[in-house]
Amino acid sequence: MLKKNHKKNIYEKIEKDSEGFLKKSTDWNINLAKEIAKKEKIILKDDHWKVIHFIRRFYFEFNITPSMRMLITSIEKEIGREKSNSIYLFKLFPEGPAKQASKIAGVPKPSQCL
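Presented here is an overview of the structure given in this document. (Residues numbered from 1 in each chain as written. Predicted model: local features only at pLDDT ≥ 70, side-chain atom pairs only at ≥ 80, totals over all residues. Heavy atoms only, no water.)

1. A closer look at the packing of helix α4 (residues 46–62) against helix α8 (residues 97–105)
Turning to step 1, where the next piece is worked out: Viewed as axis vectors pointing N to C, α4 and α8 meet at an angle of 80°, and their least axial separation amounts to 9 Å. With respect to each other, α4 and α8 are oriented roughly perpendicular. Contacts between α4 and α8 involve V51, I52, I55 and R56 on the former and, on the latter, A101, S102, I104 and A105.
Turning to step 2, where the next piece is worked out: A breakdown of the residues in the contact of α4 with α8 according to their chemical character gives 6 nonpolar, 1 polar and 1 charged. (Axes fitted to C-alpha atoms, helices over the stretch in contact; angles between N-to-C directions. Helix = DSSP H or I, 4+ residues; strand = E, 2+ residues; numbered from the N terminus. Parallel < 35°, antiparallel > 145°, perpendicular 65-115°, else oblique. Contact = heavy atoms within 4.5 Å. Nonpolar A, V, L, I, M, F, W, Y, C, P; charged D, E, K, R; others polar.)

2. Digging into the nonpolar core
Turning to step 1, where the next piece is worked out: By size, the foremost hydrophobic cluster in this structure holds 28 residues, and its most contacted members are L32, V51, I52, I55, L71, F93 and I104.
Turning to step 2, where the next piece is worked out: Per-element accounting of this core gives the leading share, 7 residues, to α4.
Turning to step 3, where the next piece is worked out: Filtering out sequence-adjacent residues up to four positions away, L71 remains in contact with V51, F54, I55, P66, L89, P97 and A98. (Core = buried A, V, L, I, M, F, W, Y, C linked by side-chain atoms within 4.5 Å. Buried < 20%, exposed > 50% of the residue type's maximum accessible area, 1.4 Å probe, protein only.)

3. A look at the environment of E61
Turning to step 1, where the next piece is worked out: Mapped onto the elements of the fold, E61 is located in helix α4.
Turning to step 2, where the next piece is worked out: For the pair E61 and K34, spaced 27 residues apart in sequence, the C-alpha separation works out to 23 Å.

4. Notes on the environment of K109
Turning to step 1, where the next piece is worked out: Within the element layout of this structure, K109 appears in the segment after α8.
Turning to step 2, where the next piece is worked out: Residue K109 is classed as partly exposed on the basis of its relative accessible area, which comes to 22%.
Turning to step 3, where the next piece is worked out: Sequence separation between K109 and D17 is 92 residues, and the spatial gap between their C-alpha atoms is 9.9 Å.
Turning to step 4, where the next piece is worked out: Polar side-chain contacts of K109 include one of 3.1 Å to the side chain of E19. (Polar contact = N/O pair within 3.5 Å; in protein donor to acceptor, adjacent residues only side chain to side chain.)

5. Overview of the packing of aromatic side chains
Turning to step 1, where the next piece is worked out: Counted by the stated rule, this structure contains 3 aromatic pairs.
Turning to step 2, where the next piece is worked out: Centre to centre, the rings of F54 and F58 are 5.9 Å apart; their planes meet at 45°, and the pair counts as tilted. With F54 and F58 both in helix α4, this residue pair falls 4 residues apart, about one helical turn. There is no split in this pair, since F54 and F58 are both buried.
Turning to step 3, where the next piece is worked out: Relative to F60, the ring of Y59 lies with its centre 5.2 Å away and its plane at 75°, an arrangement referred to as edge-to-face.
Turning to step 4, where the next piece is worked out: Note on Y59: relative accessible area 15%, which makes it buried.
Turning to step 5, where the next piece is worked out: On the accessibility criterion, F60 (47% relative accessible area) is partly exposed.
Turning to step 6, where the next piece is worked out: Feature note: the residues F54, F58 and F62 constitute an aromatic cluster, connected by ring pairs.
Turning to step 7, where the next piece is worked out: Sitting over the face of the ring of Y11, K16 holds its NZ or CZ atom 4.6 Å from the ring centroid.
Turning to step 8, where the next piece is worked out: Taking NZ or CZ as reference, K103 lies 5.8 Å from the ring centre of F21, over its face. (Phe/Tyr/Trp six-rings, centres within 6.5 Å; stacked < 30°, edge-to-face > 60°. Lys NZ or Arg CZ within 6 Å of the ring centre and 35° of its normal.)

See below:
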């Protein structure tokens, strides 16, 4: 029972900025992503994970969090052409795909987000 409680509220113990984005992307893990998603009122499904993992790979490869435009043009291979559009991505991440998915992915807020 203690272990379960220890796994919960990981997010509360990790250093974040004023908007709740992790200050260190290396603190991220799958359990933390699930906890952040729950706080964001998102139930993570397969396509959510594809976007989350894509954003993490993009960030670590290019040292930048993808903007919405970058996300749409780059994610087609991950989720398919019919889903790589803003309408579908907003269904997955209603508060803004680039911003909300980046938060769950544990990377900084995209610089072009308000």
